[in-house]
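Structural description and commentary
Spelled out from the first residue to the last, the chains are:
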Amino acid sequence: MLDIAANQRSYIETCSLTAEDDCRLPVGLIRRLASEGLFAVTIGKRYGGLELPALDSIKVLEQLAYADASVGWCGMIFCTTAHLGSFLPEAWGEKIFGVTGQAGTYDCPLAVGAAAPMGRGQVVDGGIRVSGRWPWGSGSHHANWICGGTVVEEKGELIRNPGGDPTVHVMFFEKSQVTLHDNWNPSGLRGTGSVDFEVKDQLVPEGRWTMLGTSRRQIDSPLFRFPFFGYFAAAVAAIPLGIARRAVDDFDALARGKIPSAKQNTLSKSSITQLEFGRAESLVEAAHTYLYCKVDEVWKMVSNGEKISLEEKRQLRLAAAQSTIMCADAVDLLYKAAGGTALQGDCSLQKHFRDIHAATQHRMVSPELLRLSAAARLTDDATVAQL
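Residues numbered from 1 in each chain as written. Predicted model: local features only at pLDDT ≥ 70, side-chain atom pairs only at ≥ 80, totals over all residues. Heavy atoms only, no water.

Residues Phe39, Met76, Phe97, Phe226, Leu291, Val295 and Leu349 are the most contacted members of the largest nonpolar core, which totals 119 residues. Here this core gets 19 residues from one element, more than from any other, and that element is helix H8 (residues 228-257). With residues near it in sequence (within four places) discarded, Phe226 still touches Ala54, His83, Tyr231, Val295, Val298, Trp299, Val302 and Leu316. Core analysis: the second largest hydrophobic core is formed by five residues, Ala321, Leu372, Ala376 and Leu387 among them. (Core = buried A, V, L, I, M, F, W, Y, C linked by side-chain atoms within 4.5 Å. Buried < 20%, exposed > 50% of the residue type's maximum accessible area, 1.4 Å probe, protein only. Helix = DSSP H or I, 4+ residues; strand = E, 2+ residues; numbered from the N terminus. Contact = heavy atoms within 4.5 Å.)

Here it is, written out as structure tokens:
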């Protein structure tokens with residue numbers, strides 16, 4: 001799959017400008033990548049998916065982000081939502097994520113969504129009726145299914161988890177039940193099409209949801225024993241890795257060809273440039289090694305049937321958040337070192353700068369997760385449910 005992702009790079013790049021202008025990825029691009037199986041990497045084999053090892057799927061996402069950050073981002077959303085789908089009852093898992101295909105192609109359903117509990121639901125005969133509006137619907141234009149976090153009332157009382165907090169039900173809606181709002185016009189990750197999505201008084205049939213921290217996984221295999229929030233965070237962090245690795249390579253090419261004003265030699269021969277480039281490249285390599293090492297450690301444990309403790313979960317979240325910070329710092333260094341050239345629309349570094357600073361805003365990799373992960377070690381009363 002990694003080679004397949006790499007081989008799609010030139011085609012992805014031809015679609016990048018259109019995606020920037022339209023604030024969404026072209027339909028043909030998504031269909032092509034899906035047919036290659038690139039979005040089936042976290043769908044269970046039970047449903048016809050590839051169910052790759054965690055690190056292998058994360059490498060695929062990094063490679064897609066290397067070609068274009070928005071493609072990597074939407075791929076991350078497709079893959080993490082499919083991972084969450086392992087908690088669905090089997091009948092719904094098959095209906096939503098069932099992959100078919102022939103002659104080496106994949107007919108791969110796509111699911112996206114936002115787990116933030118912006119929806120309100122009411123238990124009724126046959127299921128739950130839901131209304132709500134969620135931001136950050138990345139990839140929604142291409143999805144067959146869209147899910148949204150919801151708190152639910154039954155007989156006038158909120159359904160709560162054992163800790164007393166409202167249970168977040170992630171409700172899976174058919175695309176036809178959802179309204180997409182045309183309100184995405186950001187500086188970075190423009191092609192993700194991360195519009196708001198809304199449902200009004202829509203029935204979700206019995207069982208077509210999963211409850212965060214409460215539902216039991218329905219597929220018992222290493223990929224789905226891998227902690228969901230840890231995988232989600234690592235997958236998000238893979239996108240800054242791809243962006244930063246591409247920025248390093250693009251700066252290399254720029255520095256070899258650019259002769260700064262009033263200078264006789266190329267930018268690459270400047271001792272200051274060399275220092276800044278060395279700092280940036282080492283940050284990216286360190287981030288890469290840190291994240292991949294922690295993912296691999298946990299993968300070996302789940303593959304051996306070992307229980308994942310709070311400490312392993314904490315380490316995963318530290319690695320995802322810190323690697324993202326290091327990648328953003330690296331891109332900043334390269335953007336500044338490129339000088340005025342980086343301001344121009346035809347310089348890829350300005351896009352990498354915009355994209356990575358959009359990616360850093362995701363809560364899964366925010367500095368708040370560094371604090372939360374540290375609190376889980378330093379105190380006895382830290383909130384750890386989403387580690």
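Right, picking up where we left off after that structure.
Taken as a whole, the largest pocket spans an internal volume of roughly 1,000 Å³. Lining the largest pocket are 37 residues, and of these Leu212, Gly213, Thr214, Phe229 and Ala385 lie nearest its centre. Along the lines of polarity and charge, the residues of the lining of the largest pocket split into 19 nonpolar, nine polar and nine charged. What the second largest pocket holds in volume is close to 850 Å³. If you tally residues by element for the lining of the second largest pocket, the top one is strand E1 (residues 111-124), at six residues. Its residues assigned to classes, the lining of the second largest pocket shows 22 nonpolar, 11 polar and one charged. (1 Å grid on protein atoms, 1.4 Å probe; cavity = no way out; pocket = protein on both sides within 12 Å on 5 of 7 lines; lining within 4 Å. Points joined across faces, edges and corners; volume = space filled by probe spheres on them. Nonpolar A, V, L, I, M, F, W, Y, C, P; charged D, E, K, R; others polar.)

Turning our attention to the pattern of salt bridges. Taken as a whole and assessed by the stated rule, the structure comprises 18 salt bridges. Residue Lys351 pairs with Asp355 through a salt bridge whose shortest N-O separation is 2.7 Å. Placement of both Lys351 and Asp355 in helix H11 (residues 348-359) is noted, with a separation of four residues, approximately one turn of the helix. With respect to burial, Lys351 and Asp355 carry one shared label: buried. What emerges from the salt-bridge pattern is a single network uniting Arg9, Glu13, Arg246 and Asp250. (Salt bridge = Lys/Arg side-chain N within 4 Å of Asp/Glu carboxyl O.)

Time to look at unusual backbone geometry. Notably, Leu189 is not glycine yet its phi reads approximately 50°, a positive angle. Along the chain, Leu189 turns up in the loop between strand E6 (179-180) and strand E7 (195-205). The class of Leu189 is buried, set by a relative accessible area of 4%.

It is worth spelling out the side chain of His352 at this point. Here His352 shows up in helix H11. Residue His352 is classed as buried on the basis of its relative accessible area, which comes to 10%. Residue contacts for His352: discarding those within four places in its chain leaves Ile243, Arg246, Ala247, Asp250 and Val331.

In this section: H11. Taking 1.5 Å of rise per residue, 12 residues should cover 16 Å, and H11 covers 16 Å from first to last C-alpha, within 8% of that figure. Structurally, H11 contributes buried residues whose contacts are with helix H2 (9-22), helix H5 (69-84), H8 and helix H10 (310-337). (Expected span 1.5 Å × (residues − 1).)

Turning to the packing of aromatic side chains, a few remarks are in order. The geometry of an aromatic ring pair comes down to the distance between the two centres and the angle between the two planes. By the definition in use, this model includes 10 aromatic pairs. An angle of 10° between the planes, with centres 5.2 Å apart, marks the rings of Trp134 and Phe197 as stacked. In this pair, Trp134 is assigned in strand E2 (residues 127-137) and Phe197 in strand E7, connecting sequence segments 63 residues apart. Across the pair, exposure class does not vary: Trp134 and Phe197 are buried alike. Ring centres of Phe226 and Tyr231 lie 6.2 Å apart, and the angle between their planes is 85°; on these two criteria the pair is classed as edge-to-face. One exposure class covers both Phe226 and Tyr231, and it is buried. These aromatic residues form a ring-pair network of at least three members: Trp134, Phe173 and Phe197. (Phe/Tyr/Trp six-rings, centres within 6.5 Å; stacked < 30°, edge-to-face > 60°.)

Let us now look at H2. In this model, H2 (14 residues) spans 20 Å end to end at C-alpha, consistent with the 20 Å of a helix rising 1.5 Å per residue. Helix geometry: H2 is bent most strongly at Ser16, by close to 35°. Turning to H2, its buried residues number three or more, namely Ile12, Cys15, Ser16, Ala19 and Glu20. Its buried side turned inward, H2 meets helix H3 (27-35), helix H4 (54-67), H5 and H11. (Bend = angle between axes of the 7 residues up to and from the residue.)

A few words on the packing of H10 against H11. It is at 10 Å that the axes of H10 and H11 come closest, and there the two elements cross at 155°. With respect to their mutual orientation, H10 and H11 come out roughly antiparallel. Handedness of the crossing formed by H10 with H11: left-handed. Facing H10, whose interface residues are Cys327, Ala328, Val331, Asp332, Leu334 and Tyr335, H11 presents Leu349, Gln350, His352, Phe353, Ile356 and His357. Of the residues contributing to the contact of H10 with H11, the split by class is eight nonpolar, three polar and one charged. (Axes fitted to C-alpha atoms, helices over the stretch in contact; angles between N-to-C directions. Parallel < 35°, antiparallel > 145°, perpendicular 65-115°, else oblique. Left-handed = near helix turned anticlockwise from the far one by under 90°.)

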